[in-house]
Amino acid sequence: MAGGDVIIGLEVHVQLNRLRSKLFCGCSTDYHASDPNTHTCPVCLGLPGTLPVMNRRAVEYAIRVALALNCEIQGETLFYRKNYYYPDLPKAFQITQYDFPLGMGGSILIKGEDGEEKKIRITRVHMEEDPGRLVHAGTIDRAKYSMVDYNRCGMALLEVVTEPDLRSPKEARSFLDKLRNILEYLDVFDGGLEGAMRIDSNISLVGGERAEVKNISSHKGVEKALAYEITRQRSARRRGVAQVQETRHYDELRAITVSIRTKEEAHDYRYFPEPDLVPMRIADWVPEVEAELPELPDAKRERFVAEYGIADDHARSLTSEIRVANFYEVVAKRAPSRLAAAWIADVLKGELNYRDITIDKFSPDHMVEILSMLEGGKITEKGAVEVIRTILDHSGDLSEVTPTRVVEAKGLARAGNDAVKAAVRAAVEESAQAVADYRAGNEKAINFIVGVVMKKTRGRADPGEANRLVKETLDEI
Ligand SMILES: [Zn+2]
């Protein structure tokens, strides 16, 4: 899907949902499990005579993000009214930023299509208020009616705009994964909440008109919507259909994009300075926020390689989620660090993804115990995987399923030497054909006999060890 002729830029709306209150009023941000229209007040409903009051912590969070994205922080920043009517925007304007955004000229590193590190430039980061939410009865182009929920109205949003540096849907997804990762490290954002990140993307083929695809709500959705758009634009070009610059909506259910309007221009919005908010001088504020920035993913990855002696791929995988990185550090202090990296990055993460659950469902103590049993030869690798799966699939109290108990209950203890030797003797006796094949020079026949040994020991023998013993026995006879 790359092809070199694809140009993609993203505008990502990030909700600063770790704040306690909205951007300009005291309404709680904790509305996700509440009934519609229960987290509102005269300010966020835009009633006449009300005035916005800036949430100081929101500005601090915004500076934190802009710094982490390597932006130049503007000394003075200004708010504007962006005028348009929409049912989920009761004031008929949105307070946002325009020509003096908070941060400009940043960048982040992603893993590009070719596997190399690639820098994606960030044009700007600005603050704005979130509109409410429309709930359509059916799909957007066919709904008989729509309902509006103002709980989201006035939530603090950041808009992160990239330069058109992305060349494929896959790169767009890597960018979003990395951005989410950084935001979670900064503790300003919980990506698990509904509507936490919404993405608009500009996409065009070289020399073609640009389409803007609006309001995609998941990383997987972005990849699909962009792939759909590339196919649609290529096919239109082949058929000689003239393209117009337009805005399209991504329909997640049908996995297609539909045209909603031709593109509006900035002057259509009649931006003018918000008279109810003073310009903010933030220059003096920056050093303080900068001093408190946590270690970010790229730096943590480098430290993991240097401090724990692990492979760069493992370090990248472990640091791609703050919770996994923290989990790893707890385990690595009490177990061999490379073994821990391999088991957490290659096995545990895979099992978590498969079940679509987070690492909070697993305890570092249990990981340390499993690694110690592996190292001491008490269980095989296969047995260790079985222990991890059993614990993850257990729905009750985690203390009931300690690794030691699971090993006992499921009989996963590695078979003793005598037991393995007995199984090898029996397997060789039973497998006359395979023995004959081996003697005739077919080395692979040995795998069949090892398979019989594994079956007899119910997987509790180490396959390498079984292989060695079978060979030894065959060569003796
Ligand atoms: Zn409010």
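No experiment lies behind these values; they were computed from the predicted model shown.

1. Here's the deal with the packing of aromatic side chains
One pass over the full model with this rule turns up eight aromatic pairs. Ring centres of Y80 and Y98 lie 5.4 Å apart, and the angle between their planes is 70°; this geometry places the pair in the edge-to-face category. Placement of Y80 in strand β4 (residues 80-83) and of Y98 in the loop between β5 (93-96) and β6 (103-111) is noted, with a sequence separation of 18 residues between them. You can call Y80 buried: its relative accessible area is 7%. By relative accessible area, which is 31% here, Y98 ends up partly exposed. Aromatic pair F304 and Y308: ring centres 5.5 Å apart, planes at 80°, arrangement edge-to-face. Separated by four residues within a single helix, F304 and Y308 lie in helix α5 (residues 297-308), roughly one turn from each other. You can call F304 buried: its relative accessible area is 0%. Through pairs of rings, three or more aromatic residues link up here, namely Y80, Y84, Y98, Y269 and Y271. The ring of Y269 carries the charged tip of K82 above its face, separated from the ring centre by 4.4 Å.

2. Brief notes about the environment of G221
With respect to the secondary-structure elements, G221 resides in helix α3 (residues 219-238). Separated by 133 residues in the primary sequence, G221 and Y354 place their C-alpha atoms 19 Å from one another.

3. Description of the layout of surface pockets
Over the atoms, a rolled probe matching the size of one water molecule traces out where space is still vacant. Estimated volume of the second largest pocket: approximately 240 Å³. In this structure, the second largest pocket is lined by 19 residues; those nearest its centre are V43, G46, T50, K91 and F93. When its residues are assigned to classes, the lining of the second largest pocket shows ten nonpolar, four polar and five charged.

4. Quick look at the domain arrangement of the protein
Here the protein is described as being made up of domain 1 (6-289), domain 2 (297-410) and domain 3 (417-476). Its C-alpha centre places domain 1 at a distance of 62 Å from the equivalent point of domain 3.

5. A closer look at the coordination of the zinc ion
Looking at the zinc ion, the protein donor atoms are C25 (SG), C27 (SG), C41 (SG) and C44 (SG), and they sit 2.3 to 2.4 Å from it. Here the zinc ion is ringed by four donor atoms whose angles at the metal span 102 to 113°, and the overall shape comes out tetrahedral. All donors of the zinc ion come from a single chain, and their spacing in sequence reads C-x1-C-x13-C-x2-C. We classify C44 as buried; its relative accessible area is 7%.

6. Things to note about empty space enclosed by the protein
Scanning the model with the defined rule gives one cavity of 30 Å³ or more in all. There is about 40 Å³ of room inside the largest cavity. Here the residues of the lining of the largest cavity are counted per class, giving six nonpolar, one polar and three charged.

7. A few points about the packing of helix α14 (residues 445-456) against helix α15 (residues 463-476)
Two numbers describe a pair of packed helices, the interaxial angle and the distance between the axes. Orientation of α14 relative to α15, taken along the N-to-C sense of each, is 120°, at an axis distance of 9 Å. For the element pair α14 / α15, the angle class is oblique. Viewed along their axes, α14 and α15 form a crossing whose handedness is right-handed. Contact residues: I446, N447, I449, V450, V453 and M454 in α14; P463, A466, N467, V470, K471 and L474 in α15.

Rules of the game
- Residues numbered from 1 in each chain as written.
- Predicted model: local features only at pLDDT ≥ 70, side-chain atom pairs only at ≥ 80, totals over all residues.
- Heavy atoms only, no water.
- Phe/Tyr/Trp six-rings, centres within 6.5 Å; stacked < 30°, edge-to-face > 60°.
- Helix = DSSP H or I, 4+ residues; strand = E, 2+ residues; numbered from the N terminus.
- Buried < 20%, exposed > 50% of the residue type's maximum accessible area, 1.4 Å probe, protein only.
- Lys NZ or Arg CZ within 6 Å of the ring centre and 35° of its normal.
- 1 Å grid on protein atoms, 1.4 Å probe; cavity = no way out; pocket = protein on both sides within 12 Å on 5 of 7 lines; lining within 4 Å.
- Points joined across faces, edges and corners; volume = space filled by probe spheres on them.
- Nonpolar A, V, L, I, M, F, W, Y, C, P; charged D, E, K, R; others polar.
- Domains from an automatic or database assignment.
- Donors = N, O, S within 2.8 Å, 3.2 Å for Na, K, Ca; no water.
- Tetrahedral: all angles 85-135°; square planar, octahedral: opposite > 155°, others 65-115°.
- Axes fitted to C-alpha atoms, helices over the stretch in contact; angles between N-to-C directions.
- Parallel < 35°, antiparallel > 145°, perpendicular 65-115°, else oblique.
- Left-handed = near helix turned anticlockwise from the far one by under 90°.
- Contact = heavy atoms within 4.5 Å.

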